[in-house]
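Structure assessment
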Amino acid sequence: MGLAASQSRYLFLTNRKADVEFEIFKCSNRKMQYTRKMSQLSQEYNSKLSQKKLAFYQDGHYEDINYNYLMGYGANYFTAFNHSKPLKDDNRMLLTDYKGQVVLSDAYAQAIMDVLGTSVMNAYGQGGTFDSSKIPEILAALCPPLTADEFQNGVDSHEWNATTINALTGETTGSTVINSADQFNEKIDAILDLYYPIFLAASCNGWTTEYNEEMNSNTSYISDAVQSGTLVIASVDNYGQYESGKTLTYFLTTGALEQRNDSDAREALTAEYNAEKERISAEEEYLDLLIRDYSTEINAITTEIDSVKSLIQEGLKPFSWGTSG
């Protein structure tokens, strides 16, 4: 190999070695990123495992908290009568957002708009306060064919206290069971005991439907939102105001609600964690193979560079012309 060719080969090998060293550097950085990602994944996994889900105890087993349990079934009173699961024991307990607005289902909101007009709800799904004397009309819109006068008579005939009816249907100890054979006034009272606190609180504090999409698409939304403070469990008094001190901690202490680990969620989290961990491990193994191959190439390049350098040094030695006679 001539001197010029050796010099050209030397420059090529030097550049290639720099390129390979840079690739090793990038692979090492990616490995560090995966190490940090694995650490973050483990922290998130352990954090999610420790998260609890709100539940209520009913008929000897726990049920996940949901809007129906907290706020009733909401389409019309026939739905409530025919449903197989009892409602909450304490009808004063209801769901609000962090601003104190009562969280209303679309059916509840529609009943209000049927009476007060669509302009009562803004573009964000929020409605303001309204005169509580409109509640009988709203209940009549929610529960046809009962009339506003029938509900007004029910309001006038007894002091509402949200405790006289424990359940609209089902058979639980100490519950009052309402069905088609019961007296008409008892049905009115049952509906009032369930729905009146909801609409009374809404009339005094405003209401909102802005969370309905999340609640309908995510079964864990209410539990997560209540524990994070986005939504609030409150207790309403006879005047539509929220009773101080009766927040989530109160209902947990009294046993109306409980915080429990979600076994189904734990299994799903573990499966997701293991799958992601295997993916990261596979990426790290691939990077290790690349680094090993690049390291082997660098050793070969270094050996060839040393050989070419020797050729260059030999080519640069001064020619020997011999001795003069």
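Residues numbered from 1 in each chain as written. Predicted model: local features only at pLDDT ≥ 70, side-chain atom pairs only at ≥ 80, totals over all residues. Heavy atoms only, no water.

Considering the overall build of the chain
Put simply, the test is: Segments assigned H or I by DSSP are reported as helices when at least four residues long, segments assigned E as strands when at least two residues long, and all are numbered from the N terminus. Summary of the burial criterion: residues with accessible area below 20% of their type's maximum are buried, those above 50% are exposed, and those between are partly exposed, where the area comes from a 1.4 Å probe applied to protein chains only. Contacts were defined at the residue level, with two residues in contact if any of their heavy atoms lie within 4.5 Å. Only the protein chains shown count as cover for residues, and all accessible areas are computed by the Shrake-Rupley method using a 1.4 Å probe.
For the chain, the count of helices and strands is 11 helices and 8 strands. In the chain, which comprises 325 residues, the proportion classed as buried is 38%. Taking as baseline every contact in the chain between residues at least 6 positions apart, the subset at least 24 positions apart corresponds to 76%. Accessible surface, the chain as shown: approximately 18,100 Å² in total, 49% of it carbon and sulfur.

Observations regarding the confidence of the model for the chain
The criterion, for reference: pLDDT is a residue-level measure of predictor confidence that goes from 0 to 100.
For the chain, mean pLDDT is 79; residues scoring 70 or higher make up 78% of the total. Ranking the elements of the chain by mean pLDDT puts helix α3 (residues 77-82) last with 45 and strand β6 (residues 207-208) first with 97. Residue range residues 75-86 is modelled with pLDDT below 50. Its contacts to residues more than four positions away, or to other chains, number 33 contacts. Contacts from residues 162-182, a stretch scored under 50 in pLDDT, to residues over four places away or in other chains number 48 contacts.

Topic: the environment of Asp 224
Topologically, Asp 224 is positioned in helix α9 (residues 221-228). Accessibility expressed as a relative area gives 40% for Asp 224, which makes it partly exposed. Separated by 171 residues in sequence, Asp 224 and Lys 53 place their C-alpha atoms 7.2 Å apart.

A few points about the environment of Asn 205
To keep things clear, this is the line we draw: Think of a polar contact as two N or O atoms within 3.5 Å of one another; within protein, one of them needs to be a possible hydrogen donor and the other a possible acceptor, and neighboring residues in sequence only count if both atoms come from side chains.
By the secondary structure assignment, Asn 205 is in helix α7 (residues 184-205). Given a relative accessible area of 23%, Asn 205 falls into the partly exposed group. Expressed as a C-alpha distance, the spacing of Asn 205 and Tyr 242, which sit 37 residues apart in the sequence, is 9.2 Å. Non-local contacts of Asn 205, meaning those with residues more than four positions away in its chain, are made with Gly 100, Gln 101, Thr 129, Gly 240, Gln 241 and Tyr 242. For Asn 205, the side chain forms a polar contact with the main-chain oxygen of Gly 240, separated by 2.9 Å.

Quick look at the pattern of salt bridges
The cut-off we apply is this: Any carboxyl oxygen of Asp or Glu within 4 Å of a side-chain nitrogen of Lys or Arg constitutes a salt bridge here.
Using the criterion set out here, one finds 8 salt bridges in the structure. A salt bridge links Arg 30 to Glu 283; the nearest nitrogen and oxygen atoms lie 4.0 Å apart. Taken together, the residues span a long stretch of sequence, with Arg 30 in helix α1 (residues 3-50) and Glu 283 in helix α11 (residues 263-316) at a distance of 253 residues. Given a relative accessible area of 34%, Arg 30 falls into the partly exposed group. Linking Glu 137 and Lys 134 is a salt bridge whose minimum nitrogen-to-oxygen distance equals 3.6 Å. Because the salt bridges share partners, they merge into one network encompassing Lys 37, Glu 276 and Arg 279.

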